[in-house]
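# Residue-level structure breakdown
Here is how the chains run, residue by residue.
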Amino acid sequence: MKKKIDLRVKRTRKMIVEAFIHLVEEKGYDNITIQEIADEAMINRATFYSHFKDKQDLYDAIFKQAIDAFAAVLDPDQIVQGNRLKVRQIEMVLKIIYERIQENRKFFLTIMDASGNEILRKKIAEILDIKYAHIFNQLKITENDIEVPLDFIIEYMTSIFVGTLHWWITSDTDMDADNLSKLVVKLVGNGHLTILGIEIDH
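A few points on the structure. Everything quoted here is computed from the prediction, not taken from an experiment.

Conventions we followed
Residues numbered from 1 in each chain as written. Predicted model: local features only at pLDDT ≥ 70, side-chain atom pairs only at ≥ 80, totals over all residues. Heavy atoms only, no water. Helix = DSSP H or I, 4+ residues; strand = E, 2+ residues; numbered from the N terminus. Buried < 20%, exposed > 50% of the residue type's maximum accessible area, 1.4 Å probe, protein only. Contact = heavy atoms within 4.5 Å. Core = buried A, V, L, I, M, F, W, Y, C linked by side-chain atoms within 4.5 Å. Phe/Tyr/Trp six-rings, centres within 6.5 Å; stacked < 30°, edge-to-face > 60°.

## With respect to unusual backbone geometry
- At Met42, a position not held by glycine, the phi torsion is positive, near 60°.
- Of note, Met42 is situated in the loop between helix 2 (34–41) and helix 3 (45–51).

## Some remarks on the side chain of Thr12
- Note on placement: Thr12 falls in helix 1 (residues 2–27).
- Its relative accessible area of 14% is what places Thr12 among the buried residues.
- Those residues in contact with Thr12, other than ones at most four positions away along the chain, are Ile43, Thr47 and His51.

## Some points on the nonpolar core
- Judged by nonpolar contacts, the single largest core of 46 residues is most densely connected at Phe20, Ile37, Leu58 and Tyr98.
- Of all elements in the fold, only helix 1, helix 2, helix 4 (55–73), helix 6 (87–103), helix 7 (105–111), helix 8 (114–139), helix 9 (150–170) and helix 10 (177–195) reach the threshold of two or more residues within this core.
- Excluding anything up to four places from it in sequence, Ile37 contacts Ile16, Ala19, Phe20, Leu23, Ile32, Phe48, Lys55 and Leu58.

## Description of the packing of aromatic side chains
- In the structure shown here, the tally under the stated rule is 6 aromatic pairs.
- Ring geometry for Phe20 against Tyr29: centres 6.1 Å apart, planes inclined by 90°, an arrangement best described as edge-to-face. Comparing Phe20 with Tyr29 shows no difference in burial state: the two are buried.
- Judged by centre distance (5.5 Å) and plane angle (65°), the ring pair of Tyr29 and Tyr59 falls under edge-to-face. Remark: Tyr59 occurs in helix 4 and Tyr29 occurs in the loop between helix 1 and helix 2; sequence separation between them is 30 residues. Each member of the pair, Tyr29 as well as Tyr59, carries the same accessibility label: buried.

Encoded structure:
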């Protein structure tokens, strides 16, 4: 019985999320109401409130889902070996992330305003700090005999990712996820990371 209830809960949440994304793409976040979300999901308002506190709570849940997806593919064991980065693996990881965003491009386009960009940047920085701090600390990256602060490296890498991502979803480019991932890795790997003392495994 519990399994059936769990499946029903998951299915209802999925319907709410899909309805919300569709409405945000169509009308914009600020212009939609809880009642409209409920109508689109074919549920009543009480059912909506049994899953989410309000529209912001729903937004936060979707954003967290996206961040969790990033965290899942940013596994250091897959892309780092010692102080060497596995370029092809990184390209695959970025491609997966870009493809997931591309699937909901209109939604990300709507939510990635200045505040959305900042939230995304901070969350990715937290992921890098948690997953990669021990790797960067082992490298003891220095420039002119001055040790480069870990938070500088993380901020730098995060800014590149978020900046190129924002350009990709807001421009009229026909560049696909595969080519974007290769371009980002090529630009970063051929200069910036090697300067920091990180070896690139081609």
